[in-house]
Amino acid sequence: MLTPLRRLHVLASLGLGGALSAVLWYGLDIAATNPVLAGLVITLFAANALWLSAAAVAALIGFWTLRQPAAPQGQMDSVQDMNRQRCAILWLVCGEPPEPMAERIAAMLRGLDHTGQAQSCTVFVLSDTQGHDAVARERAALAPLGDRIIWRNRTAPEGRKPGNLLDWLQGYGQDFDTMLVLDADSSFSAARLAAMRGCMAGDPRLGLVQAAIRLRPGTSRMAAMQRLSARLCGPVFVHGLARLSGDAGNYWGHNALLRVQAFSQVARLAPLSGRPPFGGPILSHDFIEAAFMRAAGWHVRIVPDARGSFEDAPETVSGHLRRDRRWAQGNLQHLRLIARRGLHPASRLHLLAGIHSYLSAPIWLALVVLMGSGAVHASAAAIWSLAGALSLLMVPKFAGLVAHRRTLRSAGRKRILWRALWAELWLTTLFAPIGMIRRSGFLLALVAGRDAGWKPSGQIGRRAAFTGRGEQISALVILTAVISPQLLIGTSATALLSAAMVMPVTGPLLAAPWLIRWLDAAPKQNAVAQYYDASTARFLAVGGSGAALAIHRPLWAEGITTPEAAAAHANDLIAKAALSALGRAPDHVCDLGCGVGGSVFHLAALWPNARMAGITLSAQQVRLARLHATARGLGDRCQFIQSDFTLPTTLPRADLVLAIESHVHIDSAARFLDAARAHLAPGGVLVVVDDMLARADTKLSKREQALVGAFRRGWRLGHVTPRSTFVTQAQELGYDTLAQHDLNALLRLDRMRDRALRFAGPVADWLGLTRFAVFANMVGGNALTQAYRAGIMSYSMVVLRAPDPGQSGQGQQPHRKDAA
């Protein structure tokens, strides 16, 4: 059972933890310290140092694992083999908002159709939602899914989530081989499901496959902090955990595929003897189910690949802490089960890890008070042990940073990664003392016999928010505890020094009321997103594109007589260019900066077998695009996501990527081109239609530079690049330039509103009104029209082919077609 890798992990953890503890012992003034207190401090520090060492070594093992070639996942030999194994997809809901869940279920159904699994998979929604209005809302949200799902609401929801699953097993379990368990906020891709079903089919003793999970972007700084931590540390740590666990992995309660036969053997967990909080129903039942499953001879594996596996993070500090309170009780209940006969050693370590995650907080708090107050005398040498502990905390972060940097090509994206690291460090450092105090309070409450009970996920956060007053009181208590002894036996200088030593802890606690409100608030909105949120409705109303739903400029040609037809003509030109470049209709299209979906819908009508996706920063545009997709009957083919398209995505790579008047919102053309490669399949085609300079910006007069500056300022642009520079940068990144077109002749620059803007635009700019979207649009629109009139702008279409790793580009000259 103790494999060489596990032996290395144990020895390295013991060595690092022991070394730090020895350094602390050397730094203590034993002669001046009560031996009992000295022994207590060493014991407490050693416990936390050992666990920090174990986490750091696991992260390094994960980093090493990430550098190795990925092991092939199991696969079904054919769709027919897959369809012989029946799989139930179970969404468990208890009062959560049903509309987002309905969208995620619809996406899963589309994925099942696309991967050929629809015949062998059945989707269940197992609802414990209570209350007439809440149940009616849930039923209405799920109604459009029709008979493709089975919705069941328990009027008497006994046994919480385990009881819900047990009821399903008794009613339906005999009809299925496997079950994918999902929470209401979970989403899971059909492709990942197919891969995990393949793993399970290849190992008859595999009882559970737990997928790693990514956090979706949230709307608050609290959610951003959790997501940053998960993205930086998660991959290396989960890869290390999976490698160390082997076939004795863990279960996190959702986003996992279970064999029905295996789960049926452990689903009925007996409550612990005695009263809660340490007795009664097991709150953190998932760890125990995995441990019992492994003890029964089934294999339990963690798959560290998180692609296609998502959940939400709590948006507020209150929501996070209330969930943490329930988890604290559930994990500390494991103290009564960890010594149970027959458990695998790795299962015991999983339980111990959960237990220690809550015991570590009061340990750190005790160390802060004991050492800060002078009850334990230490020399300057003790600082090295604390520095070592902090270094161990940093290991997973920097290992994750290095792992991410290896996958990034451009210096710009690497700078973003460094900024993300410092932001994560800053946020987690501010929040850590609050978490420490609250977790210490959780332990005290449990020892006092206070039962947290089980709160449905849909009800967490509905109660009054934490004010932070308790944290301020805790800070004053800590300061009193460390200052008072120094005032009694020392001097005011030593008292101030003691207060300064604990300030990294007490500072955030004293600021907790303001800090909690700041974390709960949304970060400053992206200027581009804010601009389009405020302007989209006006663009659609004033632009006159009608059913074309175009925000881009209309292109006029012979026979085109209406703005709607001119807007559609731009999409036709893109389709023509794409067909010429690909030689066929595309299978998957992605529109970067998709507006409200006008181009996506136009191309979906031209290519009825293509799957379409659109990405935009604007929440308003995503909302409208989804409404229009549903109204046009395209909800199953057209997917719209609110995101920054320069960030990593879970969308499949597309053979056609569009960027219509969107690439200029990025800070440079090179960064846009680098980001677009992540969306393109090898050999895929990128079509960019946008405003570009007709000549080098170094050759512009002061008046011309002022026009370009007003255009950028008004329309929130990151850059305006000459077309020749854009093409050169694309070729340097490995793109093959297939075509260039100047579309200026298709523009109309003398409409009535253009003439009106000649006066309104400069006046609005002179008055400094560009901070308001409506005036910013006037300023930018007029400057752009005047720049076209001056001949310094080119409304350009550039068609590029993405580099194909399968073909050598050495010495290969790109093919170029230039059109006037």
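See above for the structure.
On a predicted model such as this, the values are computed, not experimentally measured, just so you know.

Got a sec to walk through the packing of helix α11 (residues 317-333) against helix α12 (residues 345-372)? Specific residues and values, please.
Relative orientation of the contacting elements α11 and α12 amounts to 125°, with a least axis distance of 8 Å. Comparing the axis directions of α11 and α12 gives the class oblique. In the packing of α11 onto α12, the handedness of the crossing is left-handed. Side by side, α11 and α12 meet where Asp-324, Trp-327, Ala-328, Asn-331 and Leu-332 of the first sit next to Gly-354, Ile-355, Tyr-358 and Leu-359 of the second.

Account for the sheet that holds strand β12 (residues 611-616), with residues named and values stated.
Sheets are built from strands paired through backbone hydrogen bonds, the pairs being either parallel or antiparallel. As summarised here, the arrangement of the 7 strands in space is β13-β12-β11-β14-β15-β17-β16, forming an open sheet in which the pairing is mixed. Every other strand in the sheet has two partners, leaving β13 (638-642) and β16 (736-742) as the edge strands with one partner each. Taken over all neighbouring pairs, the strand axes of this sheet differ in orientation by 15° on average, direction set aside. The pairing of β16 with strand β17 (residues 793-801) spans 6 bridges and is classified as antiparallel. What sits directly across from Asp-736, in β17, is Arg-801.

Before we move on, can you summarise the nonpolar core with the specific residues and values?
Membership of the largest hydrophobic core comes to 63 residues, with the highest contact counts inside it found for Leu-656, Val-687, Met-793 and Val-799. With near-sequence residues (within four places) excluded, Met-793 lies in contact with Asp-691, Met-692, Leu-693, Ala-694, Phe-711, Val-720, Asn-744, Leu-784, Ala-787 and Tyr-788. Among the nonpolar cores identified, the runner-up in size contains 39 residues, and Ala-88, Ile-288, Met-293 and Leu-337 belong to it.

Can you lay out the sheet that holds strand β3 (residues 149-153) for me, pointing to particular residues and giving the numbers?
Taking strand neighbours across the sheet as the criterion, the 7 strands line up as β3-β2-β1-β4-β8-β6-β9 in an open arrangement whose pairing is mixed. Strands at the two margins of the open sheet, each flanked by one partner only, are β3 and β9 (299-303). If you compare each strand with its neighbour and ignore which way they point, the axes differ by 20° on average. Direction of pairing for strand β1 (residues 87-93) relative to strand β2 (residues 121-127): parallel, over a ladder of 7 bridges. Within β2, the residue paired with Ile-89 across the bridge is Val-123. Each of β1, β2 and β3 is contacted by helix α5 (residues 132-142), which is oriented at about 180° to β3, the strand it contacts most.

Account for the pattern of salt bridges, with residues named and values stated.
Tallied over the entire structure, the rule returns 19 salt bridges. Of the charged contacts, one joins Glu-471 and Arg-438 as a salt bridge, the two residues approaching to 2.6 Å between their closest N and O atoms. Of the two residues, Glu-471 is situated in helix α15 (residues 469-489) and Arg-438 in helix α14 (residues 411-447); the sequence distance between them amounts to 33 residues. The same class applies to Glu-471 as to Arg-438, namely buried. For Arg-553, the salt bridge goes to Glu-661, with nearest N and O atoms at 3.7 Å. You can see Arg-553 sitting in the loop between α19 (527-543) and α20 (563-582) and its partner Glu-661 sitting in the loop between β14 (654-660) and α23 (669-677), a full 108 residues away along the chain.

Provide a residue-level description of the packing of aromatic side chains, including the pertinent values.
In this structure the tally under the stated criterion is 14 aromatic pairs. For the ring pair Phe-45 and Trp-364, a centre distance of 6.5 Å and an interplane angle of 80° mean the geometry is edge-to-face. Taken together, the residues Phe-45 in helix α2 (residues 35-66) and Trp-364 in helix α12 connect sequence positions 319 residues apart. Overall, Phe-45 belongs to the buried group, its relative accessible area being 2%. Three or more aromatic residues link up through ring pairs in this structure, and these residues are Phe-124, Trp-168, Tyr-172 and Phe-176. Here Arg-205 stacks its cationic end above the ring of Trp-298, 4.1 Å away from the centre of that ring.

The rules we used
- Residues numbered from 1 in each chain as written.
- Predicted model: local features only at pLDDT ≥ 70, side-chain atom pairs only at ≥ 80, totals over all residues.
- Heavy atoms only, no water.
- Axes fitted to C-alpha atoms, helices over the stretch in contact; angles between N-to-C directions.
- Helix = DSSP H or I, 4+ residues; strand = E, 2+ residues; numbered from the N terminus.
- Parallel < 35°, antiparallel > 145°, perpendicular 65-115°, else oblique.
- Left-handed = near helix turned anticlockwise from the far one by under 90°.
- Contact = heavy atoms within 4.5 Å.
- Pairing = 2+ DSSP bridges.
- Core = buried A, V, L, I, M, F, W, Y, C linked by side-chain atoms within 4.5 Å.
- Buried < 20%, exposed > 50% of the residue type's maximum accessible area, 1.4 Å probe, protein only.
- Salt bridge = Lys/Arg side-chain N within 4 Å of Asp/Glu carboxyl O.
- Phe/Tyr/Trp six-rings, centres within 6.5 Å; stacked < 30°, edge-to-face > 60°.
- Lys NZ or Arg CZ within 6 Å of the ring centre and 35° of its normal.

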